[in-house]
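The chain contents come next:
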Amino acid sequence: MKRKEEEEKKIGIHELYAQDPEQADELLWGRSTTPDSRRGFIRKSALTAMSLALGARMVFAENFPAGMIPAGLAHSDEPFGLPGKHPGLIILNDKPINAETPAELLDDDLTPNDRFFVRNNGTPPTDINPATWTLTIEGESAQQRKSYTLAELKAKFEHHTYHLTIECGGNGRKEFNPPAKGNQWTVGAVGCAAWTGVRLRDVLNDVGVKSNAVYVGYIGEDTHISGTPGKVVISRGVPIDKAMEEESLIAWSMNGQDIPLLNGYPLRLVFGGYPASCSGKWLSKILIRNKVHDGEKMTGQSYRMPCKPVPPGAKVADEDMCIIESMPIKSVVTYPKSGATIKRGQQLPIRGSAWSAERPVAEVAYSIDFGATWHPCTLATRANRYAWQRFSAKITFPQDGYYEVWAKATDDNGVSQPMLVPGWNPRGYLNNACHRIAIKVVV
Ligand SMILES: Nc1nc2c(c(=O)[nH]1)N[C@H]1C(S)=C(S)[C@@H](COP(=O)(O)O)O[C@H]1N2
Ligand SMILES: [Mo]
C-alpha cells in the first residue's frame, strides 16, 4: 500500500509522461502501443479515450505516435485527470484506478458521466469491439446456456431507463478508527445516473431459470492487476429475488450516452440500493447459481459485515461475517463546498442528495448547532425506486463565526442516519454518518 500523502497527490500530465511515456499512455488512454507493431503508434481504443479528453475526434489519429502528449492537452499545467473524467475527481489509487467525486461535484439531479466515481479492482479490458461483444448466461440453475450479442439484447428485449443510485460499500471508510485497509473513500464513492438497458429478469426468463436458483453471479472482462492471465478480478452477485426486480438492469447506456470505459463500457449490471460491487462492469457472463455465489470477493471478509456488532479493532472469524445486501440511508451536502464563507445577514442556500435502498427518503433536516436542533429541508420525490432525492434549504445564521451544517435523512419508516460513525467493522463498510460542511460567517 502506498503512503497516504502519495495517494492524495495528483500528478500533472508532463510529470506522468516524463516518468514513463508508454505507461502514461496506458494509464490515461487504456492502452497504447500495439504489441504486434514495431512502429509504436497508439491503437484505436486508446484513441477513442483520447478524443474524448480532447473534446473532438482526432483526425489522422493513425499517424499520432505513442508516448506523445497531444498538444491540445500539453499546454495545461492543471493536474491531469482520467480519460473521459472531470479533472476534479480525486484519484485515490492509480493501480488499479480508483477515483471519488468531491461532494461539490455531485450537485446534479443526475451525476454526469465525467463526474461519476470509478472503482476498479483490476485493469479495464482493451480492444473492446461492441459489434462482437457477447453476454453468456449459464450455471447450475440455468435451463440452458445461451449467448446474446449486444445487438441481439437490444433487439430482443424491451428497453428500460431508471435513475439508479450506486454507492461503493466502502464509501466513508476513511472515518473508521482503527482505520480499515482499502481505498480511503470520503463521501464521493456514490452517484445517481439514468441507466438504460434491458431488465435482467427478461433475459434470465428467456434462458429459463430453474426453481432451485438462489443467486446470480457476474463475470467481467477486466484483467487482474498482477497480469496473471485468467485470474478473476472480482465476481460478485445478488440473490435471485434482487436479480428479478424490475429495476435490475443489464445496461449499455448512462445518461443517454455510452457508458464510459472506466464505468464498464460496453455493458454492465446495475443494481440500485445494493453495494455497487454487485454491479458488474465489462459484463460478459452471468451465472445462475443453485447456491450463494462464491466468486472472487464474495467470500471471506469481502463486502461482509460482522453479523453481530463488534468492538473497534476486533478480529472477526469469516463464519461470523454476513454478506452486505441493502445499503443504509444516507445523504450528502453538494452545495456549497465545505469551507465557504458568507456575509453576516445573508441567507445561505444549501443543496444535496439523499438516498436509501428500497424505501423512499421521507425527510431531510439540517442542523447548524451540532445536532441540538433540526430544521426541515425541501425534498423532491424520487423518480423511481433507488433514485436519490435532491433536497435544499435556505439557512440564516444568528451571528458571525464558524459553523457546521449537518444534514440528516430519514426514511418513511423512521430510520435515520447516525450523527457519529456507526458500527466499526474490519473492512470499513457502511459508514452512513451525517455529512457536514464548514461555513464561516463574516462581518
Ligand atoms: N468487472 C468489474 N466490475 C466491477 C468492479 C470491478 O473492479 N470489475 N468494481 C465493483 C465495485 S467494488 C464498485 S464500487 C463498482 C463501481 O462502479 P463505477 O466504477 O462505475 O463507479 O463497480 C463494481 N463492478
Ligand atoms: Mo466497491
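Let me sum up the structure you'll find in this document. (Residues numbered from 1 in each chain as written. Chains lettered and ligands numbered in written order. Predicted model: local features only at pLDDT ≥ 70, side-chain atom pairs only at ≥ 80, totals over all residues. Heavy atoms only, no water.)

### Considerations on the nonpolar core
Within the largest apolar cluster, 39 residues are counted, with the highest numbers of intra-cluster contacts made by Ile137, Leu153, Leu200, Leu204, Ile250 and Ile286. Considering each element in turn, this core owes the most residues, four residues, to helix H7 (residues 200-207). When sequence neighbours within four positions are dropped, the list of residues in contact with Leu153 reads Leu135, Tyr148, Val198, Val203, Ile250 and Leu267. Core analysis: the next-biggest nonpolar cluster, separate from the first, contains 23 residues, Val364, Ile368, Val405 and Ile437 among them. (Core = buried A, V, L, I, M, F, W, Y, C linked by side-chain atoms within 4.5 Å. Buried < 20%, exposed > 50% of the residue type's maximum accessible area, 1.4 Å probe, protein only. Helix = DSSP H or I, 4+ residues; strand = E, 2+ residues; numbered from the N terminus. Contact = heavy atoms within 4.5 Å.)

### Comments concerning the packing of aromatic side chains
Using the criterion set out here, one finds eight aromatic pairs in the structure. Note on Tyr148 and Phe157: the rings are 5.7 Å apart at their centroids and 65° apart in plane angle, and the pair reads as edge-to-face. Phe157 matches Tyr148 in its accessibility class, with the two residues each being buried. Grouping aromatic residues by their ring pairs yields a cluster made of Phe116, Phe117, Trp185 and Trp195. It is Arg351 that lies over the ring of Tyr335; its NZ or CZ is 4.3 Å from the centre. (Phe/Tyr/Trp six-rings, centres within 6.5 Å; stacked < 30°, edge-to-face > 60°. Lys NZ or Arg CZ within 6 Å of the ring centre and 35° of its normal.)

### Remarks on the pattern of salt bridges
Across all of its chains, the model carries 19 salt bridges by this definition. Between Asp108 and Arg115 there is a salt bridge, with the nearest N and O atoms lying 3.7 Å from each other. With a relative accessible area of 25%, Asp108 lands in the partly exposed category. Put simply, Glu245 and Lys242 hold a salt bridge, and the shortest N to O gap is 3.2 Å. A network of salt bridges, in which partner residues are shared, links Asp107, Asp109, Arg351 and Arg390. (Salt bridge = Lys/Arg side-chain N within 4 Å of Asp/Glu carboxyl O.)

### Quick look at the sheet that holds strand E9 (residues 237-239)
Backbone-to-backbone hydrogen bonds pair the strands of a sheet. The strands run either parallel or antiparallel. Ordered in space as E5-E4-E13-E8-E9, the five strands form an open sheet in which the pairing is mixed. What marks the edges here is a single partner per strand, and that holds for strand E5 (146-149) and E9. Neighbour to neighbour, the strand axes of the sheet diverge by 15° on average, direction disregarded. Taken together, the six bridges between strand E8 (residues 215-220) and strand E13 (residues 283-289) define a ladder with antiparallel strand orientation. When the sheet's bridge partners are listed, Tyr215 is paired in E13 with Arg289. Each of strand E4 (134-138), E5, E8 and E13 touches H7; the most contacted strand, E5, lies at about 135° to it. (Pairing = 2+ DSSP bridges. Axes fitted to C-alpha atoms, helices over the stretch in contact; angles between N-to-C directions.)

### Thoughts on the site of ligand 1
What surrounds ligand 1 is a group of 19 residues, the closest being Phe117, Asn121, Asp222, Arg268 and Lys281. At 2.7 Å, a backbone N or O of Phe117 approaches an oxygen atom of ligand 1. One of the side-chain N or O atoms of Asp222 is found 2.6 Å from a nitrogen atom in ligand 1. When the free accessible area of ligand 1 is taken as 540 Å², the share hidden by the protein chains comes to 100%. In the shell around ligand 1, the residues fall into nine nonpolar, six polar and four charged. (Near = heavy atom within 4 Å. Polar contact = N/O pair within 3.5 Å; in protein donor to acceptor, adjacent residues only side chain to side chain. Areas by Shrake-Rupley, 256 points an atom, 1.4 Å probe, with all protein chains shown as cover. Nonpolar A, V, L, I, M, F, W, Y, C, P; charged D, E, K, R; others polar.)

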